[in-house]
Amino acid sequence: MDFATSASGTIGIEWELQLVDPSSRALVGCAQQFVSTLGDQRVKSEFFTNTIELVTGVHVGVDAAVAELEGLRDSVLAHAEASGLALVGMGIHPAAHWRDQRVSDDDRYRRLLAKASSWGARQIILGVHTHIGVDDRETAIALQRSLVGSLPLVLALSASSPFWHGTDTGFDSQRTMIFQQLPNAGLPPVFASWADYEAAAADLIDCGAVDSVNELRWDVRPAAAFGTVESRIADGATSIAEVAAVSALTAALAEEARRASVSQSATQQLPEWLLRENRWRAARYGLEAEIVIEKGRTAPVRTAAAEAVDRLMPIADEIGAAAALQQVPRILSTGNAASRQRRGAEAGGMHSVVDMLIDDLRA
């Protein structure tokens, strides 16, 4: 399998958003027309006709990528308002029903829908994907292996999908629970080498489980076509500040793991069943989760995240992510988007939540 050349530590960000009617607050299925009339190659339509994706170029630092994304957000917002629409970002629209949405006219999406049936049709979910450049394939596998253990911090921080069809699920990230119903989604296998990954991918293609490695929708995966490791665990972000926090934390964790791999000082990985337990706790409880730090020892995810920021700030300063990483303590203090949505629902119901999301995206 070819692995594209990519400078180590470079970054690209993908941010999924949805189009809504500002009066009814319902999702609007006109993404392909919206993207066509906007005419910016960095804005793409997605699986559902209500969803668009903002894609940055390749940047040396997170702060630079966030700056591009902010300018792109402003352009998309202006186009939406001129079209009588509004934009929202979050893991799942708080009130929309999946049966009311249409899948985009694309062969890839039709194949997924045919394979995953009603679970495919339920994927009215949004995420933030962070691509970290790596300069060789073995490093990509080492980073994937290391990042799996840190994913609960990113998930808890980003959790923004407490509602499903207007009902509180009790989970901070219902998106995580919905997305894992797709084939080959969720936690990746632990690979010792690139050869192991290639062999597993070949087996999955040979048996018809996937048509290509792009259908391996793991929480973190090698993206050979771009020469990156792609973190996909994060819920959709409600604001630029949340994108910055999630991407900076991911990038700094990846750089820490890269340096440990080079110096051969990588920490011992938790066993797979504890990784799954941590992932579930982060999805269920968000920033209130208690996660396993090592066998026999747990800690509040807030504490683990705060300690990670303190530890990673020197690295963030070196890789152009310091300003973005400083957004993490703010979220730890004010609460993640799931908690803010719940407060909005208590004050004014689902319409109030959508109005808050519209305002958050403009901020």
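In the block above lies the structure referred to throughout.
If you're wondering where the values come from, they're calculated on a predicted model, not measured in any experiment.

Asker: Sorry, what's going on with the overall build of the protein here?
Answerer: The secondary structure content of the protein amounts to twelve helices and 13 strands. Over its C-alpha atoms the protein spans a radius of gyration of 19 Å, differing by no more than 12% from the 21 Å that the globule rule assigns to 363 residues. Principal-axis analysis of the C-alpha atoms places the extent of the protein at approximately 55 × 45 × 35 Å. Relative to its full complement of 363 residues, the protein shows a buried share of 58%. Looking at the protein as shown, the accessible area adds up to about 14700 Å², and 50% of this sits on carbon and sulfur atoms. Within the protein, the 46 negative side-chain charges are centred at a point lying 4 Å from the centre of the 32 positive side-chain charges.

Asker: Mind showing me how you'd approach the nonpolar core here?
Answerer: Generally speaking, a soluble globular protein has its nonpolar side chains buried in company with each other. Trp15, Ile52, Leu54, Val76, Leu87 and Leu249 are the most contacted members of the largest nonpolar core, which totals 92 residues. For this core, the element with the most residues is helix 7 (residues 240–263), which contributes twelve residues. With residues up to four places along the chain from it excluded, the contact list for valine 76 reads Phe34, Leu38, Val43, Ile52, Leu54 and Leu87. Residues Ala86, Ala116, Ile125 and Leu126 belong to the second largest nonpolar core, which totals 29 residues.

Asker: Looking at this model, I keep getting lost on helix 3 (residues 107–121). Mind explaining?
Answerer: Turn by turn, an α-helix covers 3.6 residues, leaving residues three or four places apart pointing in a common direction. Helix length check: helix 3 (15 residues) gives 15 Å between terminal C-alpha atoms against 21 Å at 1.5 Å per residue, more than 12% under. Of all the bends found along helix 3, the most pronounced is centred on lysine 115 and spans about 95°. Within helix 3, burial applies to Tyr109, Leu112, Ala116, Gly120 and Ala121. If you follow the buried residues of helix 3, they end up packed against strand 2 (43–45) and strand 9 (217–218). The N-capping residue of helix 3, defined by a side-chain oxygen 2.8 Å from the backbone nitrogen of arginine 108, is aspartate 106.

Asker: Just checking my understanding: could you explain the environment of glycine 91 for this structure?
Answerer: Turning to its location among the elements, glycine 91 is positioned in the loop between strand 4 (86–88) and helix 3. The class of glycine 91 is buried, set by a relative accessible area of 0%. In the structure, glycine 91 is positioned 69 residues away from serine 160 in sequence and 5.2 Å away in space, judged by C-alpha atoms. Residues in contact with glycine 91, not counting those within four places in the same chain, are Ile124, Ile125, Leu126, Ser160, Ser161, Arg175, Asp235 and Gly236.

Asker: How do you make sense of the packing of helix 1 (residues 31–38) against helix 2 (residues 62–82) when you look at a structure like this?
Answerer: Two quantities define a packed helix pair, namely the angle between the axes and the distance from one axis to the other. In contact at an axis separation of 11 Å, helix 1 and helix 2 are set at 115° when each is read in the N-to-C sense. Relative to helix 2, the element helix 1 lies roughly perpendicular. For the element pair helix 1 and helix 2, the recorded crossing hand is right-handed. In this structure, helix 1 contributes Phe34, Thr37 and Leu38 to the contact, and helix 2 contributes Ser75, Val76, His79 and Ala80. Each residue belonging to the contact of helix 1 with helix 2 can be placed in one class, and the counts come to four nonpolar, three polar and no charged.

Asker: I tried to follow the packing of helix 2 against helix 7 on my own but got confused; where do I start?
Answerer: Where helix 2 meets helix 7, the closest approach of the two axes is 10 Å, and the angle between their N-to-C directions is 155°. Here helix 2 lies roughly antiparallel to helix 7, going by the angle between them. Helix 7 is crossed by helix 2, and the crossing has right-handed handedness. Listed contacts from helix 7 to Val62, Val66, Leu69, Glu70 and Arg73 of helix 2 are Ile240, Val243, Ala244, Ser247, Ala248 and Ala251. Broken down by class, the residue content of the contact of helix 2 with helix 7 amounts to eight nonpolar, one polar and two charged.

Asker: Mind showing me how you'd approach unusual backbone geometry here?
Answerer: Glycine aside, a negative phi is what most residues show, and trans is what most peptide bonds show. With phi around 70°, arginine 25 is a residue other than glycine that occupies positive phi space. Position of arginine 25 among the secondary structure elements: in the loop between strand 1 (11–20) and helix 1. Unusually for a residue other than glycine, serine 117 sits at a positive phi of about 55°. By secondary structure assignment, the location of serine 117 is in helix 3. Residue classification places serine 117 among the partly exposed positions, given a relative accessible area of 48%.

Asker: Even after reading the chapter, I still don't get the side chain of serine 161, so can you show me in this structure?
Answerer: Within the secondary structure layout, serine 161 lies in the loop between helix 4 (137–158) and strand 6 (163–164). A distance of 3.1 Å separates a polar side-chain atom of serine 161 from the backbone nitrogen of arginine 175. If sequence neighbours within four positions are ignored, serine 161 has contacts with Gly91, Ile92, Phe171, Asp172, Ser173, Gln174, Arg175, Asp235 and Gln341.

Asker: Hey, could you run me through the pairing of strand 5 (residues 127–133) in this one?
Answerer: Note on strand geometry: in a regular strand, side chains alternate between the two faces of the sheet. A large share of strand 5 lies buried, amounting to seven of its seven residues. Residues Gly127, His129, His131 and Gly133 of strand 5 are buried on one face, and the alternating residues Val128, Thr130 and Ile132, pointing to the opposite face, are buried as well. In this structure, strand 1 lies alongside strand 5, joined through five bridges in antiparallel fashion. By the bridge assignment for strand 5, tryptophan 15 is matched with valine 128.

Asker: Which parts of the structure should I look at to understand the packing of aromatic side chains?
Answerer: The geometry of an aromatic ring pair is captured by the separation of the ring centres together with the interplanar angle, meaning the angle of the planes. A full pass over the atoms with the stated rule returns nine aromatic pairs. Between the aromatic rings of phenylalanine 47 and tyrosine 109, the centroid separation amounts to 5.2 Å while the plane-to-plane angle is 85°, which identifies the pairing as edge-to-face. Note that phenylalanine 47 is positioned in the loop between strand 2 and strand 3 (51–55) and tyrosine 109 in helix 3, a separation of 62 residues in sequence. Both residues of the pair, phenylalanine 47 and tyrosine 109, count as buried. Where phenylalanine 191 meets tyrosine 197, the ring centres are 5.7 Å apart and the plane angle is 70°; that geometry is what we call edge-to-face.

The rules behind these values
Residues numbered from 1 in each chain as written. Predicted model: local features only at pLDDT ≥ 70, side-chain atom pairs only at ≥ 80, totals over all residues. Heavy atoms only, no water. Helix = DSSP H or I, 4+ residues; strand = E, 2+ residues; numbered from the N terminus. Rg over C-alpha atoms; globule rule 2.2 N^0.38 Å. Buried < 20%, exposed > 50% of the residue type's maximum accessible area, 1.4 Å probe, protein only. Areas by Shrake-Rupley, 256 points an atom, 1.4 Å probe, with all protein chains shown as cover. Lys, Arg positive; Asp, Glu negative; His and termini not counted. Charge placed at Lys NZ, Arg CZ, Asp CG, Glu CD. Core = buried A, V, L, I, M, F, W, Y, C linked by side-chain atoms within 4.5 Å. Contact = heavy atoms within 4.5 Å. Expected span 1.5 Å × (residues − 1). Bend = angle between axes of the 7 residues up to and from the residue. Polar contact = N/O pair within 3.5 Å; in protein donor to acceptor, adjacent residues only side chain to side chain. Axes fitted to C-alpha atoms, helices over the stretch in contact; angles between N-to-C directions. Parallel < 35°, antiparallel > 145°, perpendicular 65-115°, else oblique. Left-handed = near helix turned anticlockwise from the far one by under 90°. Nonpolar A, V, L, I, M, F, W, Y, C, P; charged D, E, K, R; others polar. Pairing = 2+ DSSP bridges. Phe/Tyr/Trp six-rings, centres within 6.5 Å; stacked < 30°, edge-to-face > 60°.

Everything listed here is a matter of coordinates, which is why it stays silent on function.
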